[in-house]
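The lines below spell out each chain.
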Amino acid sequence: MEAANRADEFIPAGLASFGVEADDVELAVMGAAHAMFWPPILALLELDTNGVAPEPDPDLSRPPAG
Amino acid sequence: MSAEAALDLSLRGQAAAIAAGDVDAAQLLEAALGRIERRNPAIDAVVETFPERSREMLANAPAGPLHGVPVVIKDEWPLPWRAQRFGAAEMPVPSEPGESGPYLALRDAGAVIAGVGNMHELGSGSTGAISFYGPARNPWDTERCPGGSSSGPAAAVSARLVAGAVGADGIGSIRYPAAYCGLTGLKPTFGRAAMAGHHMAEVSTTIVSGPLCADAADCRLLASALYREELAAGEAQGLRIGIVRDTVTDDVAPDVRDACEAAITALREETGGELVEVEVADLEAAALATVLIANTEGLAGLHPSRLNGLSPELSPIARGLLKYRLLLPAAASVKAHSVRTLMRRRLAAALDRVDVLAWPTVPAVAPPLQAPLVELPSGTLSADQANVRGAALANLTGAPAISVPVGLSDGLPIALQLQSAWGQDELLLDAAEALERANGRRWVDSLPPLAQPEPETTEA
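Not measured: the values here are computed from a predicted model. (Residues numbered from 1 in each chain as written. Chains lettered and ligands numbered in written order. Predicted model: local features only at pLDDT ≥ 70, side-chain atom pairs only at ≥ 80, totals over all residues.)

### Some details on the overall build of chain A
Secondary structure summary: chain A contains two helices and zero strands in total. Its C-alpha atoms give chain A a radius of gyration of 18 Å, clearly above 11 Å, the size a compact globule of 66 residues would have. The buried share of chain A, reckoned over its 66 residues, is 27%. (Helix = DSSP H or I, 4+ residues; strand = E, 2+ residues; numbered from the N terminus. Rg over C-alpha atoms; globule rule 2.2 N^0.38 Å. Buried ≥ 20, exposed ≤ 12 C-beta atoms within 10 Å, placed from the backbone.)

Dropping the structure here:
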């Protein structure tokens, strides 16, 4: 099963775990968002950033230190 | 000069005319309010005026650089007499009237707030197609999106209700509407422009306030007020312009690509500069990282019981997306911060070789309000999905960016985005002015149908 197609299970179960209710229209919106965001989220998780030295508490008004 | 005619001057022109005594500021304010009354019903750019408050502001206005000049401020900033509504029936966190940073900056510069600008509901869209007030409409074609989330400020300036407006940019929200409405819009370096009083001020690492105006000189004037420092003008000579070849920057509509390439060539020639190909890899991941960061920074205020009590007047899209935020995985949020670090270093490395990066602000012209979709070489995408790819890098890294009009396609504006290193906001304004010179101010002086000067009326 494609990851994005699991919205029917993932979203209601996820919301239920927080005790959050949603109507059918909201679920449809979340399903569309899930289809759009989930595949790139999975791709993002696969992105190798192990070699990236952390920049703790970055000052976003300036270039990165070092 | 009549006050009505003065409304068609630039922001700096209005300020100069008032300072020289050529225009009466009180009459200019009344003319602006009158024009809002006449033109606004077609575009819903301004959601509220408060003539007595505006007159009071003018009566107490100091002799600042914007003395007596009417402006619009986005519905994202509290005013002493009005809490922001964020384009929504209900704010995600409680809001109250107050003296926000942009309000204080405008007041201290002598400006007069003539009205509050519409915006995309909860700031969560690049089109402006959804708002509690009904969507703002694009003055170039009122069936088209004005861009979001600073939809009203952009539509108000584009229709020449006022000559300048203050927006906010968390993920492109000044640059998208500037692009769609044919304006110049500056996203300042993070932390440089007034931000106090924003409901996310304490937690957001992406949002900034910034100006939307007809051209770069007006943006410089309004930004100087918001920064509380004068942004000096330079020449941008010998500008090294970075071109990034990436699926994100190349997946644009042909007319947009052609106009932006012509503008980049013209900018190079005007500045005696050079074009340099540079690499900034993983722009798509950077866009997603920005979305994840921006959508999770406010989660502390979105507890489940609050989500169960959301106003039914919020759009189903807003309600669904607010709830969906709870389901975003923490691992992705952590990874997003790693990507931020990575992209900050990559951007810094690229900007060691060039002065600015240039690519289209948005990949296609303003889509229809009824179906905000864009046709790109890769296929049909929602405008939100397509737009974020080119805009997010500046918000993720904190660096400044500017959107400049560079053409029209079927009567709709096309825009080029320039990005520079942190703190070099002035260089972006210099480059934008050089681009205006290069094309003879053709695009910054273009007016949508709604903004054509009205015939003077004479009293019987």
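Once the structure has been displayed, the description carries forward.
### So, the overall build of chain B
Counting its secondary structure elements, chain B contains 16 helices and 13 strands. Long-range pairs, those at least 24 residues apart, make up 77% of the contacts in chain B between residues at least 6 apart in sequence. (Contact = placed C-beta atoms within 7 Å.)

### What to know about helix α15 (residues 383-397) of chain B
Residues and elements named next belong to chain B. For α15, with 15 residues, the first-to-last C-alpha span of 23 Å sits near the 21 Å given by 1.5 Å per residue. At Ala-391, α15 shows its maximal kink, close to 50°. Where burial is concerned, most of α15 is hidden: 14 out of the 15 residues are buried. Phi turns positive, to about 95°, at Gly-398, one or two residues after α15. (Expected span 1.5 Å × (residues − 1). Bend = angle between axes of the 7 residues up to and from the residue.)

### A look at the packing of helix α1 (residues 7-18) of chain A against helix α2 (residues 24-46) of chain A
Residue and element names in this part refer to chain A. At their nearest, the axes of α1 and α2 sit 10 Å apart, and the two run at 120° to each other. In terms of their interaxial angle, α1 and α2 are classed as oblique. Between α1 and α2 the crossing geometry is right-handed. Of the residues in α2, those in contact with Ala-7, Ile-11 and Pro-12 of α1 are Leu-27, Met-30, Gly-31, His-34 and Ala-35. Residue composition of the contact of α1 with α2, by class: six nonpolar, two polar and no charged. (Axes fitted to C-alpha atoms, helices over the stretch in contact; angles between N-to-C directions. Parallel < 35°, antiparallel > 145°, perpendicular 65-115°, else oblique. Left-handed = near helix turned anticlockwise from the far one by under 90°. Nonpolar A, V, L, I, M, F, W, Y, C, P; charged D, E, K, R; others polar.)

### Here's the deal with the interface of chain A and chain B
How big an interface is tends to be stated in terms of the accessible area lost upon association of its parts. On the chain B side, the residues contacting the 29 residues of chain A number 35 residues. Of all the secondary-structure elements, those providing two or more residues to the side of chain A that touches chain B are α1 and α2 of chain A. For the side of chain A that touches chain B, the element with the most residues is α2 of chain A, which contributes 10 residues. Of the residues contributing to the side of chain A that touches chain B, the split by class is 21 nonpolar, four polar and four charged.

### Quick notes on the sheet that holds strand β3 (residues 112-117) of chain B
Residue and element names in this part refer to chain B. The sheet built from 11 strands is open, its strands ordered β1-β3-β2-β4-β6-β5-β12-β13-β9-β7-β8 with mixed pairing. Here the strands that pair on one side only, and so sit at the sheet edges, are β1 (46-48) and β8 (274-278). On average, each strand axis in the sheet is inclined to that of its neighbour by 35°, with strand direction left out of account. Relative to strand β12 (residues 401-409), strand β5 (residues 184-187) runs antiparallel, the two sharing three bridges. Across the sheet, residue Leu-186 finds its bridge partner in β12, namely Ile-402. Its contacts with the sheet place helix α8 (residues 216-227) against β4 (164-169), β5 and β6 (208-213), and it is angled at close to 150° to β6. (Pairing = 2+ DSSP bridges.)

### Description of the packing of α2 of chain A against helix α13 (residues 316-324) of chain B
Here α2 of chain A crosses α13 of chain B at 60°, and the two axes come no closer than 8 Å. Judged on the interaxial angle alone, α13 of chain B and α2 of chain A are oblique. Seen from above, α2 of chain A lies across α13 of chain B with right-handed handedness. Along the contact surface, α2 of chain A presents Val-25, Glu-26, Val-29, Met-30 and Ala-33 of chain A, while α13 of chain B presents Pro-316, Ile-317, Arg-319, Gly-320, Leu-321, Lys-323 and Tyr-324 of chain B.

### Quick word on unusual backbone geometry
All names here are of chain B. A cis geometry characterises the amide bond from Gly-148 onward to Ser-149, with omega recorded as 5°. Residue placement: Ser-149 occurs in the loop between β3 and α6 (151-158). Here Leu-122, not a glycine, exhibits a phi torsion of approximately 60°, which is positive. Along the chain, Leu-122 falls in the loop between β3 and α6. With 25 C-beta atoms counted inside 10 Å, the residue Leu-122 sits in the buried group.

### So, helix α2 (residues 11-19) of chain B
All names here are of chain B. Those residues of α2 lying buried are Leu-11, Arg-12, Gln-14, Ala-15, Ala-17 and Ile-18. On its buried face, α2 is in contact with α1 (3-6), α3 (25-39), β4, β6 and α8. In the stretch just after α2, Gly-21 is the one whose phi turns positive, near 80°.

### A few points about the pairing of strand β9 (residues 356-360) of chain B
Consecutive side chains of a regular strand alternate in pointing toward one face of the sheet and then the other. Residues and elements named next belong to chain B. Within β9, five of the five residues are buried, leaving the element largely enclosed by the surrounding structure. Bridging between strand β7 (residues 240-244) and β9 involves three bridges; their strand directions are parallel. Of the residues in β9, the one forming a bridge with Gly-242 is Leu-357. The pairing of β9 with strand β13 (residues 412-420) spans five bridges and is antiparallel. The residue of β13 that forms the bridge with Leu-357 is Gln-419.

### Quick word on the pairing of β6 of chain B
Residues and elements named next belong to chain B. Across the six residues of β6, six count as buried, placing the element largely inside the fold. Burial along β6 is two-sided: Val-208, Gly-210 and Leu-212 facing one way and Ser-209, Pro-211 and Cys-213 facing the other are all buried. Bridge count between β4 and β6: six bridges; the pairing is antiparallel. Note that in β6 the partner of Gly-164 across the bridge is Cys-213. Relative to β6, β5 runs antiparallel, the two being bridged by two bridges. Within β6, the position partnered with Thr-184 by the bridge is Cys-213.

### Quick look at the environment of Ala-348 of chain B
Topologically, Ala-348 of chain B is positioned in helix α14 (residues 330-353). Between the alpha carbons of Ala-348 of chain B and Thr-127 of chain B there is a distance of 30 Å; along the sequence they are 221 residues apart. Contacts of Ala-348 of chain B, omitting those with residues within four sequence positions, involve Pro-63 and Pro-64 of chain A.

### Observations regarding the confidence of the model for chain B
On average, residues of chain B score 96 in pLDDT, and 99% of them are at 70 or above. Scoring the predicted complex yields pTM 0.97 and, for the interface, ipTM 0.92. (pLDDT = per-residue confidence, 0-100.)

### Section: the environment of Asn-439 of chain B
Assignment of secondary structure puts Asn-439 of chain B in the segment after α16 (425-438). Take Asn-439 of chain B: there are 19 C-beta atoms within 10 Å of it, and that puts it in the partly exposed class.

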